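Topology and contacts: notes
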Amino acid sequence: SRMLSWFDNYDVIVCPVQAGPAAKLDLTADPGARPAGGGGGYTSIYNLTGWPSVVVRAGSSPEGLPIGVQIVAKPWRDDVALAVARFVETKTGGWKAPVI
């Protein structure tokens with residue numbers, strides 16, 4: 001209930017997905033290795049609550065790797081999360097094909 005009270009004053013939570021950009025595709029196959037910027041990310045708490053959330057690309061690192069933004073809405077307001085995600089995606093250029 002303390003977490004849910006956040007929505008008394010705000011419509012959405014906008015937060016990072018993880019501490020850095022996406023990992024490069026050519027990382028080591030070592031299962032114990034963590035990608036740069038890794039560490040679990042910021043999605044777990046909202047997975048546990050079941051709150052609607054969506055992740056969109058909101059920029060790129062200097063190396064061209066995607067940087068995501070997570071938009072979280074209050075329960076049963078998927079429409080709000082999706083509307084804000086569309087706005088952010090429109091303003092930041094949205095999905096871009098990876099350079100392979």
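Everything in this summary refers to the structure shown in the same document.

Definitions and cut-offs
- Residues numbered from 1 in each chain as written.
- Predicted model: local features only at pLDDT ≥ 70, side-chain atom pairs only at ≥ 80, totals over all residues.
- Heavy atoms only, no water.
- Pairing = 2+ DSSP bridges.
- Helix = DSSP H or I, 4+ residues; strand = E, 2+ residues; numbered from the N terminus.
- Axes fitted to C-alpha atoms, helices over the stretch in contact; angles between N-to-C directions.
- Phe/Tyr/Trp six-rings, centres within 6.5 Å; stacked < 30°, edge-to-face > 60°.
- Buried < 20%, exposed > 50% of the residue type's maximum accessible area, 1.4 Å probe, protein only.

1. A short note on the sheet that holds strand β1 (residues 12–16)
Read across the sheet, three strands follow the order β1-β3-β2 without closing on themselves; strand pairing throughout is antiparallel. For this open sheet the edge positions go to β1 and β2 (53–60), each flanked by a neighbour on one side alone. Pairs of neighbouring strands in the sheet enclose a mean axial angle of 25°, with direction left out of account. Where β2 lies against strand β3 (residues 66–73), seven bridges are found, and the strand directions are antiparallel. Looking at the pairing, Ser60 lines up with Pro66 of β3.

2. What about unusual backbone geometry?
Phi at Trp76 is positive, roughly 70°, even though this residue is not glycine. Note that Trp76 resides in the loop between β3 and α2 (78–92).

3. Comments concerning the packing of aromatic side chains
All told, the structure shown has three aromatic pairs when counted by the stated rule. Plain terms: the ring middles of Trp6 and Tyr10 are 4.5 Å apart, the flat faces sit at 20° to each other, and that makes the pair stacked. Accessibility expressed as a relative area gives 42% for Tyr10, which makes it partly exposed. The structure contains a cluster of three or more aromatic residues connected by ring pairs, namely Phe7, Tyr46 and Trp51.

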